[in-house]
2 protein chains.
Amino acid sequence: MAFAETFKALSDPVRRQILELLKKGPLSAGDIGSHFEMTGATISYHLKILKQADLIFESREKNFIYYQLNTTVLEEIMLWISELKGGNSDAES
Amino acid sequence: MAFAETFKALSDPVRRQILELLKKGPLSAGDIGSHFEMTGATISYHLKILKQADLIFESREKNFIYYQLNTTVLEEIMLWISELKGGNSDAES
DNA sequence: GGGGTATTTAGAAAAAAATCTAAATATCCC
DNA sequence: GGGATATTTAGATTTTTTTCTAAATACCCC
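Residue indices begin from 1 for each chain and proceed along its sequence in written order. Labels follow written order: the first chain is A, the first ligand is 1, and so on. It should be noted that, the model being predicted, local features are given only for residues of pLDDT at least 70 and side-chain atom pairs only at 80 or more, the latter also being counted only at that level, while totals for whole chains, interfaces and linings use all residues. The side-chain numbers reported here are obtained from all heavy atoms of the structure, hydrogens and water having been left aside.

**Overview of the overall build of chain A**
A run of H or I in DSSP becomes a helix once it reaches four residues, and a run of E becomes a strand once it reaches two; helices and strands are each numbered from the N terminus. When its secondary structure is counted, chain A shows five helices and three strands. Along chain A, from the amino end to the carboxyl end, the secondary structure elements read α-α-β-α-α-β-β-α. Taking 12 Å as the expected radius of gyration for a compact globule of 93 residues, we find that chain A reaches 16 Å, considerably beyond that expectation. Taken along its principal axes, the extent of the C-alpha atoms in chain A is 60 × 25 × 25 Å. Categorising residues by exposure relies on relative accessible area from a 1.4 Å probe, with only protein chains included: less than 20% of the type maximum marks a residue as buried, more than 50% marks it as exposed, and the intermediate range marks it as partly exposed. The buried share of chain A, taken over its 93 residues, is 41%. Only the protein chains shown count as cover for residues, and the accessible areas themselves come from Shrake-Rupley with a 1.4 Å probe. With an accessible surface of roughly 5,400 Å², chain A has 49% of that area assigned to carbon and sulfur atoms. The charge count treats Lys and Arg as positive and Asp and Glu as negative. His and the chain ends do not count. One atom stands in for each charge, and that atom is NZ of Lys, CZ of Arg, CG of Asp or CD of Glu. Charge-centre separation for chain A: the mean point of 10 positive side chains lies 8 Å from the mean point of 13 negative side chains. For the radius of gyration, the atoms used are the C-alpha atoms, and the globule rule reads 2.2 Å times the number of residues raised to 0.38.

Quick look at the structure:
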């Protein structure tokens, strides 16, 4: 159940910002890092969390690793929130 | 910007479960606590986080404090996720 | 008012997460 | 192969979060 993992991954501002950066297209770890005031190691840590949550995936090319958004998991989150908003749990009248 | 707060609040499994309990209707702090293996103080802590994130609100009655879901903030989260999925940031063709 | 129940607050302890530095891999390209 | 660049891993430290116990509030009802 990677569900909890996804929520955890989304809870950090840096990681959300990374996702927003990737919205515009794939970026290398270095490119991503250049947007933040932290070491590459820390960025790598955040990328690992996002990867484990299935929110991003990587593709290797030349000497770089490019990361891109994986939106499929976001559907699940949307569904959960939607059901929370939706009201009663089983059915409606 | 309570946005980050909301994500943080949603990142904890206990708090998500509390929200799910409240989906069925208002509950007192004690009622909520009876669903978990933790002290009332800890439940109170989680309720405070949820309250600060505007995910729940309380109404006092008799000797009890009843909590209920506030779904308005969830819209914002949905929107954010939706835009992340949606692709380009400003508009569509 | 005063005992009783419900909940919160304060403060400390334990657990988890974020960050750094230094070193390790991995891959490119000459 | 070997130096150069990109990224990750390991381990330690700092910060944040979760949890507990004990005490404090708050409110009810006799």
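**Points about the environment of E83 of chain A**
Residue and element names in this part refer to chain A. Looking at the element boundaries, E83 is found in helix α5 (residues 72-86). E83 gets classed as partly exposed once you look at its relative accessible area, which sits at 46%. In the structure, E83 is positioned 37 residues away from H46 in sequence and 29 Å away in space, judged by C-alpha atoms.

**Comments concerning the relation of the copies chain A and chain B**
Superposing the two chain copies requires a rotation about an axis and a translation along that axis. Each copy superposes on the other: chain A lies on chain B with an RMSD of 0.0 Å after a rotation of 180 degrees and an axial shift of 0.0 Å. The superposition of one copy onto the other is thereby described by a two-fold rotation axis. The contact criterion used throughout is that any non-hydrogen atoms of two residues lie within 4.5 Å. When the interface residues of chain A are mapped onto chain B, 100% of them are again interface residues, pointing to one common binding face. The superposition of copies rests on a least-squares fit of C-alpha positions from residues with pLDDT of 70 or more in both.

**Points about the interface of chain A and chain B**
On the chain B side, the residues contacting the 25 residues of chain A number 25 residues. Between chain A and chain B, the buried area comes to about 2,500 Å², and carbon and sulfur atoms account for 71% of it. Across the pair E75 of chain B and K85 of chain A runs a salt bridge whose closest N-O atoms are separated by 3.0 Å. When residues of the side of chain A that touches chain B are traced back to their parent elements, those giving at least two are α1 (3-10), α2 (13-23) and α5 of chain A. Element by element, the count of residues in the side of chain A that touches chain B is highest for α5 of chain A, at 10 residues. Here the quantity called buried area is the total loss of accessible area, with a 1.4 Å probe, experienced by two parts when brought into contact, counted for both. For this document, the term salt bridge refers to a Lys or Arg side-chain nitrogen within 4 Å of an Asp or Glu carboxyl oxygen.

**Things to note about the pairing of strand β2 (residues 56-61) of chain A**
Residues and elements named next belong to chain A. The rule for pairing is simple: two strands pair if DSSP sees at least two bridges between them. Looking at chain direction, β2 and strand β3 (residues 64-69) are connected through six bridges and run antiparallel. Residue F57 lies in a different strand from β3, and its bridge partner there is Q68. Counting the residues between successive antiparallel strands, the hairpin from β2 to β3 contains two residues, one of them, K62, with a positive phi of roughly 50 degrees.

**Examining the protein's contact with DNA strand D**
If a single non-hydrogen atom of a residue is within 4 Å of a molecule or strand, that residue counts as near it. Surveying the vicinity of DNA strand D reveals 22 residues, the closest of which are G30 and Y67 of chain A together with T42, Y45 and H46 of chain B. For DNA strand D, the backbone portion of the atoms within 4 Å of the protein, that is sugar and phosphate, comes to 77%. Between DNA strand D and the protein, one listed contact pairs a phosphate oxygen with a side-chain N or O atom of R15 of chain B at 3.1 Å. Polar contact is the term for a pair of N or O atoms within 3.5 Å; when the atoms are in protein, one must be able to donate a hydrogen and the other to accept it, and sequence-neighboring residues count only if both atoms are side-chain atoms. At 3.1 Å from a phosphate oxygen of DNA strand D is found a main-chain nitrogen or oxygen belonging to T39 of chain B. Taken together, the elements giving at least two residues each to the surface near DNA strand D come down to α3 (29-33), α4 (40-52) and β3 of chain A together with α4 (40-52) of chain B.

**Concerning the protein's contact with DNA strand C**
As a structural note, the neighbourhood of DNA strand C is formed by 22 residues, with T42, Y45 and H46 of chain A together with G30 and Y67 of chain B the closest of them. Sugar and phosphate atoms constitute 74% of the interface atoms of DNA strand C, taking the interface as everything within 4 Å of the protein. Take T42 of chain A: an N or O atom from its side chain is 2.8 Å from a phosphate oxygen of DNA strand C. The contact in question runs from a phosphate oxygen of DNA strand C to an N or O atom on the backbone of A29 of chain B, over 3.2 Å. Of all elements in the fold, only α4 of chain A together with α3 (29-33), α4 and β3 (64-69) of chain B reach the threshold of two or more residues within the surface near DNA strand C. For the surface near DNA strand C, the element with the most residues is α4 of chain A, which contributes four residues.

Don't take any of this as a statement about function, it's just geometry.
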